[in-house]
Amino acid sequence: MLPVIRVARATFHEAWRRRFLNGILVFAILIIGSSWLFAYLQPGAELQMVIDIGLGSIRFFGMLIAVFLGTRLVPDEMERRTIHTILAKPVSRAQFLIGKFAGGAITIAANLILMGLAFYAVFAIKAPAFVAEKPEDALIFQAMYGNIAKAILLSFFEMFLVLGIAVVASVIFTWVLSVITTFVLYFVGQMADLFQQLSDPERGAGLFARIVLGAAYRLLPHFEIFDMREAILQGIYVPWTTLAKTAGQGAAYLIVVLLIGYLVFNEREV
Amino acid sequence: MGPATSRCTYRLQNPNHHAACAHGEAVGRCWVIGLAIKTENLSKVYTHDATGRPVGLMDLSLEVEEGQIFGLLGPNGSGKTTTLKLLLGLIFPTSGSGEIFGHPLGSNAYKERIGFLPEGPYFYEHLNGIELLQFYGALFGMGGSQLNARIEELLHLVGMWDRRFIRVRNYSRGMRQRIGAAQALINDPDLLFLDELTSGLDPIGAMEMHKLLMSLRDRGKTLFLCSHLLKDMEPLCDKVIILNQGRQCEMGRVDDLLRVEGQVRLELTGVSEEFAAKLKASADEVMVRDHLTVALFGTQSAALESAQAAAAAGATIAHLGAHQRTLEEVFIAAVGGDE
Ligand SMILES: Nc1ncnc2c1ncn2[C@@H]1O[C@H](COP(=O)(O)OP(=O)(O)OP(=O)(O)O)[C@@H](O)[C@H]1O
Ligand SMILES: [Mg+2]
């Protein structure tokens, strides 16, 4: 266990010094911080606009950080050859991989927390004014604070899964290919529901569509489960059990992904 | 193989030797536990070159006894680092096998007992000397005051104590090498793999490292050294293998490799071309090293005769005596002098 923690810690410290990732974070916070300015572009829907831009930015930039961090974690160790001295110590490849992932996850969590705090600050300062101008939003507004926290929490799970996919893809493919793979899985995974609809025979799907799209629906990570946008905007209460269930689904998928990564990494020359 | 009646005495010389041997294995039969490293036809073929010859390491079979200093020598690209990576399980053999302390290559079981200094070592740039050693110590489950004491001792040993707060990012080449040696020793390993230990070190640093190696040997540690610095390796190693283009072309105890029975060696400087031709005719073998001409003779009288003739021809006698080869000559003979 100690080796995993030590590798994770070193990974976090290294990752936190990556200028490119810091740049994304700063840019994200700038966008989130100015989301209320954009809100004026949508008169009458300012509240919705702030939430859309704020949470959308957290998800989008969080995803960018997860992809560009995750796909470099292991390749950097190999290119810089720091991995040689580590694997020559009593550190199994499984421990190393988990340590790298955990260090990346801590980094992502730190990034999400900073972005989340920035958004909360903007929301707390600006939202009451928007609601004052549009009293019918007052009820929804009550539910929003809690839901925003839950939405950010869901982005944690979502980004951990993106990170896991990125790390594993980077162990299997070249860097460019691993970035592409992760992006594609993320964006196609958003549309997993669409595949199910398209493969539905009652909607006229042929045998081929049923097999291929049905398989895609079952195999793809369902990133849409992490999306709470509708619930927040409509002020629907999201129970913790729903959150727990979503986290569980994400974790199950993550474990499978990491397991595949381990099997490949174990055979990989470093 | 020793006679079946005499019992293994290896353990008396080497405290690390497996205790089971005291239970009565015969001398020469306790090799299974007396060996630190053993490989059989260990091969790693990366690719084939334009002429179809395999590139990498081919059919390496070696045995390193506990307590030995073993030298893996060879020109650049001969497969030394490849061998180390195979032994450490960083890459996998295309064929053949090996064991370290009786465990298959790559297994985690022997990692507790080994240390490794890679060539041109790389470390996390954001750490300073102390943090770096704490990191590597923790990978062995070490911690607390015991680890701190060990770190202080090692930093003094490699001459990095005064520079312990400098970050790796700002290290010079030699400082990396020194901290690399310290991390390799953090767990007080029984078996040390050192790839080009003295590269990047100043002469005093290199001398200190050699002293360190001697003291480790005296404590019964096994050392596996990769180098092409033959002059450094010659007084250090008990046994060497010379690799060339991935193949083993010479192996043996250094004493045996250097010993040549009954030859007389004449070293000359200032030899004219004219006389050099004459010398080639009368000597068994003539080698030219920079300004030095080395001639070998089967008998003392032949050597004397040539020495006199040389003096008469205006050459200077630098040395005349019984012939001891240098490792460099063994190396050049084995490798064939080709680049
Ligand atoms: N990953 C690799 N892929 C393909 N070829 C490789 C790889 N690593 C090493 N080689 C080749 O294998 C051969 C042996 O390389 P190796 O690094 O083991 O040499 P070396 O003896 O350590 O050399 P040096 O003294 O320069 O350190 C070289 O021809 C090298 O080009
Ligand atoms: Mg090398």
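Each remark here, short or long, concerns the structure printed above.
Residues numbered from 1 in each chain as written. Chains lettered and ligands numbered in written order. Predicted model: local features only at pLDDT ≥ 70, side-chain atom pairs only at ≥ 80, totals over all residues. Heavy atoms only, no water.

Trainee: Teacher, can you tell me more about the overall build of chain A here?
Mentor: Within chain A, the secondary structure is distributed over twelve helices and zero strands. For chain A, the α and β elements follow one another from N to C terminus as α-α-α-α-α-α-α-α-α-α-α-α. Over its C-alpha atoms chain A spans a radius of gyration of 20 Å, differing by no more than 12% from the 18 Å that the globule rule assigns to 270 residues. C-alpha atoms of chain A, sized along the principal axes, occupy 65 × 50 × 30 Å. Considering chain A as a whole, with its 270 residues, one finds that 50% of them fall into the buried category. Long-range pairs, those at least 24 residues apart, make up 82% of the contacts in chain A with a sequence separation of at least 6. (Helix = DSSP H or I, 4+ residues; strand = E, 2+ residues; numbered from the N terminus. Rg over C-alpha atoms; globule rule 2.2 N^0.38 Å. Buried < 20%, exposed > 50% of the residue type's maximum accessible area, 1.4 Å probe, protein only. Contact = heavy atoms within 4.5 Å.)

Trainee: Got a minute to help me understand the coordination of the magnesium ion (ligand 2) in this structure?
Mentor: For a metal with four donors in a tetrahedral arrangement, the ideal angle between donors is 109.5 degrees, while six donors in an octahedron ideally sit at 90 or 180 degrees. The magnesium ion (ligand 2) binds to the protein through Thr81 of chain B (OG1) and Glu119 of chain B (OE); the donor distances cover 2.0 to 2.7 Å. Taken as a pair, Thr81 of chain B in helix α3 (residues 80-88) and Glu119 of chain B in the loop between β6 (114-117) and α4 (129-138) lie far apart in primary sequence, 38 residues in all. (Donors = N, O, S within 2.8 Å, 3.2 Å for Na, K, Ca; no water.)

Trainee: Is there a simple way to think about the packing of helix α7 (residues 138-172) of chain A against helix α12 (residues 240-266) of chain A in this case?
Mentor: Residues and elements named next belong to chain A. Two numbers describe how α7 lies on α12: the axes approach to 9 Å, and their chain directions differ by 10 degrees. What the angle tells us is that α7 and α12 run roughly parallel. Tallied by class, residues from the contact of α7 with α12 come to 19 nonpolar, four polar and one charged. (Axes fitted to C-alpha atoms, helices over the stretch in contact; angles between N-to-C directions. Parallel < 35°, antiparallel > 145°, perpendicular 65-115°, else oblique. Nonpolar A, V, L, I, M, F, W, Y, C, P; charged D, E, K, R; others polar.)

Trainee: I'm lost on the site of ligand 1 in this one. Help?
Mentor: Residue and element names in this part refer to chain B. Taken together, 14 residues lie near ligand 1, and Gly77, Lys80, Thr81, Thr82 and Glu119 sit nearest. Gly77 has a polar backbone atom sitting 2.8 Å from an oxygen atom of ligand 1. Here an oxygen atom of ligand 1 and a side-chain polar atom of Thr81 are 2.7 Å apart. Computed on the free molecule, ligand 1 has an accessible area of 640 Å², of which 63% lies beneath the protein chains in the complex. If you tally residues by element for the shell around ligand 1, the top one is α3, at three residues. Looking at the shell around ligand 1 residue by residue, the classes come out as three nonpolar, eight polar and three charged. (Near = heavy atom within 4 Å. Polar contact = N/O pair within 3.5 Å; in protein donor to acceptor, adjacent residues only side chain to side chain. Areas by Shrake-Rupley, 256 points an atom, 1.4 Å probe, with all protein chains shown as cover.)

Trainee: Can you walk me through helix α6 (residues 93-133) of chain A in this structure?
Mentor: Since one α-helical turn is 3.6 residues long, residues separated by three or four positions face the same way. For α6 of chain A, spanning 41 residues, the distance from its first C-alpha to its last is 58 Å, which sits close to the expected 60 Å at 1.5 Å a residue. The largest bend in α6 of chain A comes to about 35 degrees, at Lys126 of chain A, with the proline Pro128 of chain A one to four residues further on. (Expected span 1.5 Å × (residues − 1). Bend = angle between axes of the 7 residues up to and from the residue.)

Trainee: Explain the packing of helix α4 (residues 46-79) of chain A against helix α8 (residues 175-190) of chain A to me, please; I cannot follow it from the model alone.
Mentor: Working note: a packed helix pair is described by the angle between its axes plus the distance between those axes. All names here are of chain A. Contact geometry for α4 and α8: axes closest at 9 Å, N-to-C directions at 145 degrees. α4 and α8 meet at a crossing whose hand is right-handed. Note on element contacts: α8 touches α4 through Trp175, Ser178, Val179, Thr182, Phe183, Tyr186, Phe187 and Gln190, opposite Arg59, Met63, Leu64, Val67, Phe68, Thr71 and Arg72. Residue classes in the contact of α4 with α8 are distributed as nine nonpolar, four polar and two charged. (Left-handed = near helix turned anticlockwise from the far one by under 90°.)

Trainee: Is there a simple way to explain helix α7 (residues 203-218) of chain B in this structure?
Mentor: Residue and element names in this part refer to chain B. Look at α7: 23 Å from first C-alpha to last across 16 residues, which is about the 22 Å you get at 1.5 Å a residue. Listed in full, the buried residues belonging to α7 are Gly205, Ala206, Met209, His210, Leu212, Leu213 and Leu216. Viewed along the axis of α7, the buried residues span an arc of 155 degrees, placing them on a single side of the element. Facing away from the buried surface of α7 by more than 90 degrees, the exposed residues are Pro203, Ile204, Met207, Lys211 and Asp218. Buried positions along α7 lie against α5 (144-157), α6 (173-185), β7 (191-195), β8 (222-227) and α8 (230-233). Gly220 lies just past α7 and shows a positive phi near 85 degrees. (Arc of directions from axis to C-beta.)

Trainee: Can you walk me through the interface of chain B and chain A in this structure?
Mentor: The parts lose accessible area when they come together, and the size of an interface is often stated as this lost area. Listed per partner, the contact involves 30 residues of chain B and 28 residues of chain A. Contact with chain A buries surface across chain B, with Leu90, Tyr124 and Leu139 of chain B losing the most and accounting together for 27% of the total. Taken together, chain B and chain A are joined by one salt bridge. Measuring nitrogen to oxygen at the nearest pair gives 2.7 Å for the salt bridge that ties Glu269 of chain A to Lys44 of chain B. Counting every contact that joins chain B to chain A gives eleven residue pairs in polar contact (both at pLDDT 80 or more). At the level of secondary structure, the elements contributing two or more residues to the side of chain B that touches chain A comprise α3, β6, α4 and α6 of chain B. Of all the elements, α4 of chain B adds the most residues to the side of chain B that touches chain A, at four residues. Classifying every residue of the side of chain B that touches chain A gives 17 nonpolar, six polar and seven charged. (Buried area = accessible area lost by both parts, 1.4 Å probe. Salt bridge = Lys/Arg side-chain N within 4 Å of Asp/Glu carboxyl O.)

Trainee: Can you help me understand the nonpolar core in this one?
Mentor: Nonpolar side chains tend to gather and get buried jointly when the protein is soluble and globular. One finds Phe123 of chain A together with Ile37, Ile100, Phe193 and Phe224 of chain B to be the most contacted residues of the largest nonpolar core, which totals 153 residues. When residues of this core are assigned to domains, at least three map to each of domain 2 (35-245) and domain 3 (260-335) of chain B. Beyond its immediate stretch of four places on either side in the chain, Ile37 of chain B contacts Leu62, Glu63, Val64, Leu87, Glu99, Ile100, Leu191, Phe193 and Phe224 of chain B. One finds Phe275, Leu279, Ala295 and Ala307 of chain B within the second-largest nonpolar core, a separate group that totals twelve residues. (Core = buried A, V, L, I, M, F, W, Y, C linked by side-chain atoms within 4.5 Å. Domains from an automatic or database assignment.)

Trainee: Help me understand the pattern of salt bridges in this model?
Mentor: Proximity of charged atoms lets side chains of opposite charge pair with each other. Residues and elements named next belong to chain B. Inspection of the entire model under this criterion finds 23 salt bridges over all chains. Between Glu63 and Lys38 there is a salt bridge, and its shortest N-O distance comes to 3.2 Å. Taken together, the residues Glu63 in strand β2 (residues 54-65) and Lys38 in strand β1 (residues 35-48) connect sequence positions 25 residues apart. Notably, a salt bridge pairs Arg265 with Glu329, separated by 3.0 Å at the nearest N-O pair. Taken together, the residues span a long stretch of sequence, with Arg265 in strand β11 (residues 259-269) and Glu329 in helix α12 (residues 327-335) at a distance of 64 residues. Look at Arg265 and you get buried, because its relative accessible area is 7%. For Glu329, a relative accessible area of 7% corresponds to the buried category.

Trainee: Sorry, what's going on with the sheet that holds β11 of chain B here?
Mentor: Residue and element names in this part refer to chain B. The strand order across the open sheet formed by four strands is β12-β13-β11-β14, and the pairing between neighbours is antiparallel. Each edge of the sheet is formed by a strand with only one pairing partner; in this case those strands are β12 (285-289) and β14 (316-324). This sheet shows a mean twist of 20 degrees between the axes of neighbouring strands, independent of strand direction. Two elements, β11 and strand β13 (residues 292-297), share six bridges in a ladder whose sense is antiparallel. Residue pairing in the sheet places Leu266 in a bridge with Ala295 of β13. Most of the contacts of helix α10 (residues 273-282) go to β13, to which it runs at about 25 degrees, and overall it touches β11, β12 and β13. (Pairing = 2+ DSSP bridges.)

These figures come from the coordinates and say nothing about function on their own.
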